[in-house]
Amino acid sequence: MTADAEANVRLRSRRTFLEENIWITLGLLTAFLVTFEFAFVHAPQLGTSILLYSVDLAFLISAWRRRQENQGVETSGQAVADGSARPFGSAFSWLGSIPFDIVFLGVVGGPWGISVALWLRLLRLVRLGGVFGGLRRLERHWFTNSAALRIGRLLIVVALVLHLLTCIWYLTAYANDFPTDSWLTIEGAVGQSTGDVYLLSLYWVVTTTTTVGFGDIVPNNTQEYMFALFVMIIGASLFAYVIATSASLVSALNLSKVAFWNRVETVESYLRSRRVSDDVNIEVRSYYEYLWDRHRGIGEHSLLGDLPPSLRVDVLSELLRDLLPNVPLFRYAPDALRNELLVSLEPLVIPPDNYVVREGEVADGIYFIAAGSADVITSDSLETKAHLGAGDYFGDLTLMLGERRGGSVRANEFVEAFRLKASDFERIRGSYPELREVLTKAANEKSESVAHLVLEGIIL
Amino acid sequence: MNITSETNGEAVVVRLEGSLDTTTAPTVQEALDGFVEEGHSLVIIDFGPTDFVSSAGLRILLATAKKLRPSGELKLFGLNPSVLEVFEMSGFSTIFAIFDDEAAAFAG
């Protein structure tokens with residue numbers, strides 16, 4: 001991927017991310033404001049009205065722009081880019097964005113017009129479809145399995161339901177013009193400020209849905225009894241939804257970590273059942289610990305198996321950015337060869353005191369050490385023949401000469417290495433003549449130490 | 001392995017015919033050691049007739065180069081492509097002076 005294309009993708013995804021969030025916020029704002037204004041219509045708030053109509057304007061402009069874009073796309077015949085933010089589904093696009101109430105009032109007018117316009121306002125609630133669609137897209141494109149997003153959705157649902165019930169509970173009293181047996185009259189709250197009345201209504205809804213039920217505010221007439229029954233049932237469902245979501249959130253926390261350590265547990269229990277010694281068990285355990293700390297339990301190659309080669313090269317270059325500069329081959333290789341090597345190299349993690357290669361083995365490839373240190377030893381001597389560290393490589397001589405290894409390489413600590421398998425080496429050598437030059441340059445840096453080993457009769 | 005040599009003052013040109021491997025290496029080593037002991041400061045090896053060089057061969061070449069140092073020098077020429085590749089990719093082309101032909105080896 002070129003730098004320009006990368007920058008484009010980044011910009012596009014950031015912009016759509018921001019847009020999605022804005023539309024979700026605006027959609028929610030609409031839902032809260034519209035229902036609030038519907039219930040408390042007798043006490044109009046200038047602020048909320050201005051806010052509501054500003055949001056309307058934003059939706060209207062967006063729907064208009066979308067229409068223009070779609071027309072452009074149709075005429076040019078290009079595919080619609082995926083993932084672009086849409087405030088709501090296209091079917092409800094105009095329904096949710098046109099302020100029908102204002103249009104209706106303008107056309108019809110009069111008391112009858114006002115009453116219909118009031119109901120037409122509720123059409124804006126179709127924007128809620130856009131809110132949940134937006135949340136789904138956020139989850140799909142940005143936050144797979146994110147706990148924060150799911151908590152966010154839970155809070156939105158709970159808040160919306162409580163708000164709607166609050167508005168309706170207030171309406172039971174207001175719609176009948178505050179009869180003497182309504183809860184609001186009995187509480188003596190008629191005439192209090194909108195905020196106080198809203199709070200009181202919300203208080204009853206919360207105590208009822210959470211099954212606390214203090215009993216200080218109670219239903220008093222048929223309508224209120226019926227609505228109270230409804231709230232109790234909704235409350236139980238809401239309660240179940242909250243519990244279920246919380247439970248699934250807890251079980252989904254650190255899903256990958258749990259899966260990794262479960263695998264470790266399986267391996268350990270197998271080793272125990274086969275009576276493998278504690279020493280080996282401890283080594284296995286420390287290997288897995290290292291794998292988790294350094295690689296989050298994932299071998300680069302198993303992870304990248306699914307990706308197409310071009311994307312694999314991009315991801316590998318980023319993943320291995322700390323290690324690659326240590327490998328001389330990559331310092332000298334031109335881009336095409338470098339990419340070919342990247343997808344061919346096999347990453348290895350060798351635990352301390354384990355052998356990277358053993359004396360007498362047939363050459364199977366070239367090993368590049370990217371991190372950690374190892375010693376060259378032979379079976380006939382206790383002495384360390386050479387010390388290998390990050391940037392060193394071996395295995396080329398045995399491969400080219402077709403001989404067996406004259407010594408072993410043992411890791412002193414955790415060693416991160418890459419193996420270029422013999423078959424890959426032959427293949428790349430055949431298709432990239434420049435490999436020879438690159439290897440020569442790299443070899444010149446280590447000629448003295450290799451010469452020292454060869455003089456001792458050790459080839460690796 | 002057939003070893004022939006040609007003395008030219010301080011220099012000696014050694015021709016190695018056949019494979020330089022584990023079995024032939026001791027004979028070659030003996031011959032090269034002899035030239036060093038005779039006081040030749042420049043040993044030039046003609047690899048033209050050599051088919052193959054194993055690690056044992058590399059070892060005696062390195063040993064001879066070491067013995068000749070610091071006053072003397074080991075030069076090689078006429079390496080076939082596969083042998084040259086081994087020398088280059090092992091980094092030994094920096095340890096030995098490698099030339100295309102005999103004249104270049106003398107001049108270089």
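Computed from a prediction, not measured in an experiment: that's the story for all the values here.

Peer 1: Now, about the overall build of chain A: what can you tell me, with residues and values included?
Peer 2: Assigned secondary structure in chain A consists of 20 helices and 8 strands. Classification of the 460 residues of chain A by burial places 26% in the buried group. A separation threshold of at least 6 residues defines the contact pool for chain A, and within that pool the share at least 24 residues apart is 76%.

Peer 1: Account for the overall build of chain B, naming residues and giving values.
Peer 2: Helix and strand counts for chain B stand at 4 helices and 6 strands. Burial analysis of chain B (108 residues in total) assigns 42% to the buried set. Sequence-distant contacts in chain B: of pairs separated by 6 or more residues, those separated by 24 or more amount to 67%.

Peer 1: Give a detailed account of the interface of chain A and chain B, specifying residues and quantitative values.
Peer 2: With 18 residues of chain A at the interface, the matching set in chain B holds 16 residues. Put simply, the parts of the chain that give the side of chain A that touches chain B at least two residues each are α17 (396-401), α19 (434-444) and α20 (447-455) of chain A. Within the side of chain A that touches chain B, the residues separate by chemical class into 10 nonpolar, 4 polar and 4 charged.

Peer 1: Please give an account of the sheet that holds strand β7 (residues 408-411) of chain A that cites residues and values.
Peer 2: Residues and elements named next belong to chain A. The 4 strands lie next to each other as β2-β7-β4-β5, forming an open sheet whose pairing is antiparallel. Because the sheet does not close on itself, it has two edges, and the strands there are β2 (355-357) and β5 (381-388). The average undirected angle you get between the axes of adjacent strands in this sheet is 35°. Sheet topology note: the β2/β7 ladder contains 2 bridges and is antiparallel.

Conventions adopted
Residues numbered from 1 in each chain as written. Chains lettered and ligands numbered in written order. Predicted model: local features only at pLDDT ≥ 70, side-chain atom pairs only at ≥ 80, totals over all residues. Helix = DSSP H or I, 4+ residues; strand = E, 2+ residues; numbered from the N terminus. Buried ≥ 20, exposed ≤ 12 C-beta atoms within 10 Å, placed from the backbone. Contact = placed C-beta atoms within 7 Å. Nonpolar A, V, L, I, M, F, W, Y, C, P; charged D, E, K, R; others polar. Pairing = 2+ DSSP bridges. Axes fitted to C-alpha atoms, helices over the stretch in contact; angles between N-to-C directions.

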